[in-house]
Amino acid sequence: MYRVVLRRLRSADAAEVARLARLSITLHGSWVYMPRTAPAYLDYLARLDEEGTIGLAVRHAEEDTIVGLVTISGITRGGYERAILGYAGFAPTTGHGYLTEGLCLALHYGFTRLGLHRLEADIQPENTRSLRLAARVGLRREGFSPAFIMIDGVWRDHERWAITAEEARGLAPCAPWQLPDT
């Protein structure tokens, strides 16, 4: 039984996400930018919609509070059926496994509800927590891409991690999967 559920991000989450982002500035470092004000969050949400990105809140099932975010972006259909995962936890709830569970549910959502064949994550090599999380949920390291993604005006190196639907079936700690509440 999972301790978290997934729900689509919505405008009503603005104040909570902004507060958590401010509390997590040190945790996020240069790896991820989270909107730190309610108006910035609403702009972020609009950009997700424009880009065709699915933004998911990882919520604590009992307390109904946000413990992390997962995005599924760059969805490519046809011969690829793939997308890119982005994810971030928040400082007040790190170290409890909530984002691990949320990412497992997001894998399930991507492979079942969206019908994707492959999910990928691009992670900066210095972001050891994110690398460990990717490995923990079953993603495998596929390679290294120098100067791959521009972040804060700098082209940054990234490791490429991925998993296919076939690889994901039955992987601990992601089994048994429960359908996300989205």
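The coordinates are above.
For the structure given in this document, a descriptive report is provided here. (Residues numbered from 1 in each chain as written. Predicted model: local features only at pLDDT ≥ 70, side-chain atom pairs only at ≥ 80, totals over all residues. Heavy atoms only, no water.)

**Section: the sheet that holds strand 4 (residues 82–89)**
As summarised here, the arrangement of the seven strands in space is 1-2-3-4-5-7-6, forming an open sheet in which the pairing is mixed. Of all strands in the sheet, those bounded by a partner on one side alone are strand 1 (4–8) and strand 6 (140–151). In this sheet, neighbouring strand axes are inclined to one another by 30° on average, regardless of whether the strands run parallel or antiparallel. As paired elements, strand 1 and strand 2 (residues 54–60) share five bridges and run antiparallel to each other. Directly across from Arg7, in strand 2, lies its bridge partner Ala57. (Pairing = 2+ DSSP bridges. Helix = DSSP H or I, 4+ residues; strand = E, 2+ residues; numbered from the N terminus. Axes fitted to C-alpha atoms, helices over the stretch in contact; angles between N-to-C directions.)

**Examining helix 3 (residues 38–51)**
Across its 14 residues, helix 3 extends 20 Å between first and last C-alpha, which sits within 8% of the 20 Å expected from 1.5 Å per residue. Residues of helix 3 that are buried: Tyr41, Tyr44, Leu45 and Leu48. The buried residues of helix 3 occupy an angular sector of 100° when the element is viewed end-on, so they sit on one face. Facing away from the buried side of helix 3, by more than 90 degrees, are the exposed residues Pro39 and Glu50. Where helix 3 is buried, its residues meet helix 1 (14–23), strand 2 and strand 3 (66–76). In this structure Thr37 caps helix 3, since a side-chain oxygen of it lies 3.1 Å from the backbone nitrogen of Ala40. Positive backbone phi, approximately 70°, marks Gly52, located one or two places after helix 3. (Expected span 1.5 Å × (residues − 1). Buried < 20%, exposed > 50% of the residue type's maximum accessible area, 1.4 Å probe, protein only. Arc of directions from axis to C-beta. Contact = heavy atoms within 4.5 Å. Polar contact = N/O pair within 3.5 Å; in protein donor to acceptor, adjacent residues only side chain to side chain.)

**Some details on the packing of aromatic side chains**
Counted under the stated rule, the structure contains one aromatic pair. Their ring planes at 45° and their centres at 6.3 Å tell us that Tyr41 and Tyr44 sit as a pair that is tilted. Here the residue Tyr41 and the residue Tyr44 both occupy positions in helix 3, the gap between them amounting to three residues, near one helical turn. The side chain of Arg82 reaches across the aromatic face of Tyr80, ending 4.3 Å from its centre. (Phe/Tyr/Trp six-rings, centres within 6.5 Å; stacked < 30°, edge-to-face > 60°. Lys NZ or Arg CZ within 6 Å of the ring centre and 35° of its normal.)

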